[in-house]
Amino acid sequence: MKLDVRTKLVIAAILSTLAIIYQNAVVLGVVLIITIVALALLKVSLQSFFDFRKLIYLYLVLIVIQSLFIRGGEPLITIGELHLLTTESIIYGIAIILRFLILIGSGLILLSCNLSEMLLAMDRMHIPYEIVFMIQIGIRFIPVLINELSNIFDTIQLRGVDLRKVYKRKVIRVYISIFTPLIYSIWQKAEQLSILLELRGFRRYPTRTYYRTISMGVIDYIIIGLSLSLAVIFVVVISML
Amino acid sequence: MIKPMVNINLNNVSYTYSGRLEPAVENVTLSLDSGEITAITGLNGSGKSTLARLILGLLKPQEGQVCLDNRPVNSYTLAEVGEKIGYVLQNPNQMLFNTTVYNEVAFGLRWKGMKGEELKARCNQYLELFHLWPLRNKLPFNLSEGQKQMVAISAVLALEPSCLILDEPTKSIDTLRKKILIRVLRDIGCLGTGIIVISHDRSFVDALGGREINMVKGKITAYETRR
């Protein structure tokens, strides 16, 4: 079943909205299950979703950070006056992790879409073309900039800077050295791109045509209707509990 | 000055970029010594730059081993590799970190702890070498691509590494600076610095002399020694 990009955008928007509006770990757990089911139905590889188990230390840090700000619950680990871990902080920490996973799941739904089709869908949704184009350029240049940053890191080390042994007072100096060529490169690319766009007639005419076309089928309307209805029912049921 | 010897050994090295089916470098076995000038030639995408990145330990081979002084290159930190091998990238913009040309040349030397008159003399020597002295107070990013390339080369040469890898060094430089570069490379080669040049520039490779290695689709297809 091949869905239109707009249908996927609606599903991702619903899931991420639910993840943001609820703070209860049980509710977020249910939303996460729905997200996994949606990913499976949309045939998005669950492998990359489960790869986030590698971030287990980040999750533990999140739980500990929660403990520093949340006072309630039974203290489980204390250092002097400081509650390092409480029962309530664990629940809040789990809620944040669940929210994080739901947002990743929504992102994976969007990643399963073809980029050109997604931009076309945004255009069809009356998002100004300038904004759509900026998003396209941003996505296009992310790998280029990552590659450049990696090269800069490598060359700065090959010029004798051992990043692991840099003294604290010199760290800022090193990072200024690393980001100076990157910022210059971004600025240079932006300038060159704007010239090239002008030369190639960017926005010379108010409307433009597209090589690709997208169209919503009956199944798309059914799924969008069903998703919105289920989301409303979910919100109503949760508010009644 | 007599340079400490550096020996680079590649033993059946293969590397395939993720998402690609064809290996970028396939079963390459090669030995490079100090004082030797080696030009690696080949068409675009033949694996020349990948080979350089493997030598420097920037890429880890899926098969085979790259050794620097009989130790796997991955057992060194990049800064330690940099002590032995100087590397000039194709794109000089990724090698310029400072606000003046002088500071660019002095950058690595300062990190090595050089200062005072010694630092000044070394910087002046390499700035003069490529006619960069009049540009010493200029912002490197405002220079032409060829001038940037020369600044990047000077900055690496000033560190006086035992081995030097230059990736397309003549890409944007003028004839005069190309002649200077050839002379300087031959001179430092005579002093014991190993030089590996990746280039498409036939006249440059011919003028440099030494050994030529031709690569086709990731494999070494020919060795040739010139005088």
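Just above, that's the structure.
Numbers given for residues are sequential positions, taken from 1 along each chain in its written order. Chain letters start at A and ligand numbers start at 1, both assigned in the order the entries are written. Local features in this predicted model are restricted to residues of pLDDT 70 or higher, and side-chain atom pairs are both shown and tallied only at a pLDDT of 80 or more, whereas totals for entire chains, interfaces and linings draw on every residue. Based on all heavy atoms of the structure, the side-chain values leave hydrogens and waters out of the count.

J.: Is there a simple way to explain the packing of helix 6 (residues 115-124) of chain A against helix 7 (residues 129-158) of chain A in this structure?
T.: Residues and elements named next belong to chain A. Whenever a helix is involved, its axis is fitted only over the stretch in contact; in every case the axis is a line through C-alpha atoms, and angles between N-to-C directions fall within 0 to 180 degrees. Helix and strand definitions follow DSSP, with helices as H or I runs of at least four residues and strands as E runs of at least two, each counted in order from the N terminus. Interhelical geometry of helix 6 versus helix 7 gives an angle of 160 degrees and a closest axis separation of 9 Å. Here helix 7 runs roughly antiparallel to helix 6, going by the angle between their axes. Pair helix 6 / helix 7 crosses with right-handed handedness. From helix 6, Leu 115, Leu 119, Met 122 and Asp 123 reach across to helix 7, where they touch Tyr 129, Val 132, Ile 135, Gln 136 and Ile 139. Under this scheme an angle from 65 to 115 degrees is roughly perpendicular, one under 35 degrees roughly parallel, and one over 145 degrees roughly antiparallel; angles in between are oblique. In this scheme, a crossing is called left-handed if the near helix is turned counterclockwise away from the far one by less than a right angle; it is called right-handed if the turn is clockwise. We call two residues in contact whenever any of their non-hydrogen atoms come within 4.5 Å of each other.

J.: Would you mind going over the environment of Glu 26 of chain B with me for this structure?
T.: Residues and elements named next belong to chain B. The residue Glu 26 is located in strand 2 (residues 25-33) in this model. Buried means the residue's accessible area, taken with a 1.4 Å probe over protein chains only, is under 20% of the maximum for its type, while exposed means over 50%, and partly exposed covers the values in between. Here Glu 26 falls in the partly exposed class, since its relative accessible area comes to 25%. Along the primary structure Glu 26 and Thr 16 are separated by ten residues, whereas in three dimensions their C-alpha atoms are 8.3 Å apart. Beyond its immediate sequence surroundings of up to four residues, Glu 26 is in contact with Val 13, Ser 14, Lys 217, Gly 218 and Lys 219.

J.: Teacher, can you tell me more about the sheet that holds strand 1 (residues 7-15) of chain B here?
T.: Paired through backbone hydrogen bonds, the strands of a sheet run either parallel or antiparallel to each other. When DSSP locates at least two bridges between a pair of strands, those strands are taken to pair. Strand order in this open sheet of four strands is 2-1-4-5 (chain B), and the pairing throughout is antiparallel. Looking at the sheet topology across the chains shown, the edges are occupied by strand 2 and strand 5 (71-72) of chain B.

J.: How do you make sense of the environment of Ser 31 of chain B when you look at a structure like this?
T.: Residue and element names in this part refer to chain B. Among the secondary structure elements, Ser 31 is positioned in strand 2. For Ser 31, a relative accessible area of 31% puts it in the partly exposed group. Those residues within four positions of Ser 31 in sequence are excluded, and the remaining contacts are Asn 7, Ile 8, Asn 9, Glu 36 and Arg 211. Polar contact is defined as a pair of N or O atoms within 3.5 Å, subject to the rule that within protein one atom must be able to donate a hydrogen and the other to accept it, and that residues adjacent in sequence are counted only when both atoms are side-chain atoms. A distance of 3.2 Å separates the side chain of Ser 31 from the side chain of Asn 9, its partner in a polar contact.

J.: Just to check I follow, could you spell out the packing of helix 2 (residues 25-41) of chain A against helix 5 (residues 87-111) of chain A for this structure?
T.: Describing two packed helices takes the angle between their axes plus the distance from one axis to the other. All names here are of chain A. Orientation of helix 2 relative to helix 5, taken along the N-to-C sense of each, is 20 degrees, at an axis distance of 9 Å. Of the possible angle classes, the one that applies to helix 2 and helix 5 is roughly parallel. As for how helix 2 packs across helix 5, the hand of that crossing is left-handed. Listed contacts from helix 5 to Ala 25, Leu 28, Gly 29, Val 31, Leu 32, Thr 35 and Leu 39 of helix 2 are Ile 91, Ile 94, Ala 95, Leu 98, Arg 99, Leu 101, Ile 102, Gly 105, Ser 106, Leu 108 and Ile 109. Think of it as three bins: nonpolar holds Ala, Val, Leu, Ile, Met, Phe, Trp, Tyr, Cys and Pro, charged holds Asp, Glu, Lys and Arg, and polar takes everything else, Gly as well. Class assignment for the residues of the contact of helix 2 with helix 5 results in 13 nonpolar, four polar and one charged.

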